[in-house]
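# Tertiary structure, described
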Amino acid sequence: MDVVLLTLAAGQLQVLLLKREREPFAGALALPGGYVHEQEDQDCADAAQRVLRDKLGLQSPYLEQLASFSGPGRDPRGWSVSVAYFALVPALEALPAGAQWRPVDRLPTLPFDHGAIVATALERVRHKSQYSSLPVHLCPEPFTLPQLQAVYEALLGEPINPVSFRRKMEEL
């Protein structure tokens, strides 16, 4: 189970990374993740929520299953599978020890296949932002229409006509 937690801070889309405590890749920054606890979790979504709660102390207002990643090369310990999720949150003030936000366009080399998982999440979020109100989950409450437009522009990487944007939001 891996979770791509995204936020918008300083006008940039950022992903939360945690310093790994154990091998393989001890000390490297990686996505928050863990195993499904069959006695505790009803399904993979429960496991993803638990990972966010236990490792980061938060409950995401938006969590979506992204994809499964599998194969013999994704983990040096052997063949493995991960059901990945992405979550969106407004900027957080406090982070647990070993956690840090990193701009998605300047990530270090990530262990396992976490780079591919982040890339897949970015593609999904940017695509869904073109036709949905998904980016609202990156906004603190309350927010203004110009603030929401700035979030869309940061996600899509281009300016948006304010009149067209207002019309689109009214339709959504």
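Residues numbered from 1 in each chain as written. Predicted model: local features only at pLDDT ≥ 70, side-chain atom pairs only at ≥ 80, totals over all residues. Heavy atoms only, no water.

## Things to note about the pairing of strand 1 (residues 2-9)
Within strand 1, seven of the eight residues are buried, which leaves it mostly tucked inside the rest of the structure. Judged from the four bridges that link them, strand 1 and strand 2 (residues 12-19) form a sheet pairing that is antiparallel. Each bridged residue has a counterpart across the sheet, and for L6 the counterpart in strand 2 is V15. The turn linking strand 1 back onto strand 2 is made up of two residues, and A10 within it adopts a positive phi angle of 55 degrees. (Buried < 20%, exposed > 50% of the residue type's maximum accessible area, 1.4 Å probe, protein only. Helix = DSSP H or I, 4+ residues; strand = E, 2+ residues; numbered from the N terminus. Pairing = 2+ DSSP bridges.)

## What to know about the pattern of salt bridges
A side chain of one charge can pair with a side chain of the opposite charge when the charged atoms of the two come close. Counted under the stated rule, the structure contains nine salt bridges. The salt bridge partner of D54 is R53, with a shortest N-O separation of 3.6 Å. Between D105 and R106 there is a salt bridge, with the nearest N and O atoms lying 3.8 Å from each other. Take D105: its relative accessible area is 58%, and that puts it in the exposed class. (Salt bridge = Lys/Arg side-chain N within 4 Å of Asp/Glu carboxyl O.)

## Here we look at the environment of Q147
Checked against the element boundaries, Q147 lands in helix 3 (residues 145-156). Classification of Q147 as partly exposed rests on a relative accessible area of 42%. C-alpha separation for the pair Q147 and V136, spaced 11 residues apart in sequence, amounts to 9.8 Å. Of the polar contacts made by the side chain of Q147, one reaches the backbone nitrogen of T144; its length is 2.7 Å. (Polar contact = N/O pair within 3.5 Å; in protein donor to acceptor, adjacent residues only side chain to side chain.)

## Considering the pairing of strand 2
Most of strand 2 is tucked away: six of the eight residues are buried. The pairing of strand 2 with strand 6 (residues 99-103) spans five bridges and is antiparallel. By the bridge assignment for strand 6, L17 is matched with Q100. Relative to strand 3 (residues 29-30), strand 2 is paired through two bridges, and the arrangement is antiparallel. Across the sheet, K19 pairs through a bridge with L29, a residue of strand 3.

## Some remarks on helix 2 (residues 114-129)
Counted at 1.5 Å a residue, the expected span for helix 2 with its 16 residues is 22 Å, and the 22 Å between its end C-alpha atoms agrees. Every buried residue of helix 2 is listed here: H114, I117, V118, A121, L122, V125, K128 and S129. Take helix 2 and look down its axis: the buried residues cluster within an arc of 140 degrees, on one side only. (Expected span 1.5 Å × (residues − 1). Arc of directions from axis to C-beta.)

## Digging into the confidence of the model for the protein chain
Residues of the protein chain with pLDDT of at least 70 account for 100%, and the chain-wide mean is 94. The lowest-confidence element of the protein chain is helix 4 (residues 162-171), averaging 93 in pLDDT; the highest-confidence one is strand 3, averaging 98. (pLDDT = per-residue confidence, 0-100.)

## Let's talk about the packing of aromatic side chains
In total, this model carries three aromatic pairs according to the counting rule given. With 4.9 Å between their ring centres and 80 degrees between their planes, F25 and F112 make a pair best called edge-to-face. Taken together, the residues span a long stretch of sequence, with F25 in the loop between strand 2 and strand 3 and F112 in the loop between strand 6 and helix 2 at a distance of 87 residues. According to the relative accessible area criterion, F25 is partly exposed, its value standing at 33%. Ring centres 5.1 Å apart and planes at 70 degrees place the aromatic pair Y152 and F165 in the edge-to-face group. (Phe/Tyr/Trp six-rings, centres within 6.5 Å; stacked < 30°, edge-to-face > 60°.)

## Brief notes about the environment of S164
Of note, S164 is situated in helix 4. C-alpha separation for the pair S164 and G115, spaced 49 residues apart in sequence, amounts to 34 Å.

## With respect to unusual backbone geometry
Glycine aside, the phi torsion of most residues is negative, and most peptide linkages are trans. Note that the residue after E23, namely P24, is joined by a cis bond; omega there is 0 degrees. Across the junction of E141 and P142, the peptide omega takes the value -10 degrees, indicating a cis bond. The topology assignment puts P142 in the loop between helix 2 and helix 3. Of note, A10 is a non-glycine position whose phi angle comes to about 55 degrees, a positive value.

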